[in-house]
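# Structural features, examined
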Amino acid sequence: MAASDEWTGVVEKKSRAAYDGADLYRQVTVRLDDGTAAKVRVPRGLWKEIEAGDRLVKEAGADPRRA
């Protein structure tokens, strides 16, 4: 998803991986309000505080945040 995208949705799953062997990427699978699913990278602090079922909001030019 582009940084300019706006969306709201519910967290379905949290995951993390070190694809390049050095950097740890944290992402969540979000079921968007339009019914589609998206994998979204999130900052470490947000990843630690959210769980499946939590609602997220993404505004244009900003990181996703808990609603």
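Residues numbered from 1 in each chain as written. Predicted model: local features only at pLDDT ≥ 70, side-chain atom pairs only at ≥ 80, totals over all residues. Heavy atoms only, no water.

### Concerning the overall build of the chain
Formally: Put simply, DSSP H or I for four residues or longer makes a helix, DSSP E for two residues or longer makes a strand, and each gets a number counted from the N terminus. In this setup the radius of gyration rests on C-alpha atoms only. A globule is expected at 2.2 Å times the number of residues raised to 0.38. Only protein chains enter the area calculation, which uses a 1.4 Å probe; residues under 20% of their type maximum are buried, those over 50% are exposed, and those in between are partly exposed. Residue contacts are counted whenever heavy atoms from the two residues lie within 4.5 Å of one another. For every accessible area listed, the method is Shrake-Rupley and the probe measures 1.4 Å; residues are considered covered only by the protein chains on display.
Scanning the chain from terminus to terminus reveals one helix and five strands. Ordering the α and β elements of the chain from the N terminus gives β-β-β-α-β-β. For the chain, whose C-alpha radius of gyration is 12 Å, the value lies close to the compact-globule estimate of 11 Å for 67 residues. Dimensions of the chain, computed from C-alpha atoms along their principal axes, come out at roughly 35 × 25 × 20 Å. Counting only residues that meet the buried cut, the chain has 30% of its 67 residues in that class. If you take every contact in the chain between residues at least 6 apart in sequence, the share linking residues at least 24 apart comes to 39%. Accessible area of the chain: about 4300 Å², with a carbon and sulfur share of 46%.

### Digging into the side chain of R26
For clarity, the threshold we go by: The charged-residue count follows a simple rule in which Lys and Arg add positive charge and Asp and Glu add negative charge, with His and chain termini not counted at all. Here, a salt bridge means any side-chain nitrogen of Lys or Arg that lies within 4 Å of a carboxyl oxygen of Asp or Glu.
Checked against the element boundaries, R26 lands in strand β2 (residues 25-32). It turns out R26 is buried and unbridged, and the closest side chain with the opposite charge, D23, is 9.0 Å from it. Those residues in contact with R26 that sit more than four places away from it in its chain are S15, R16, V40, R41, V42, R44 and W47.

Without other data, these values stay purely geometric and don't point to any function.
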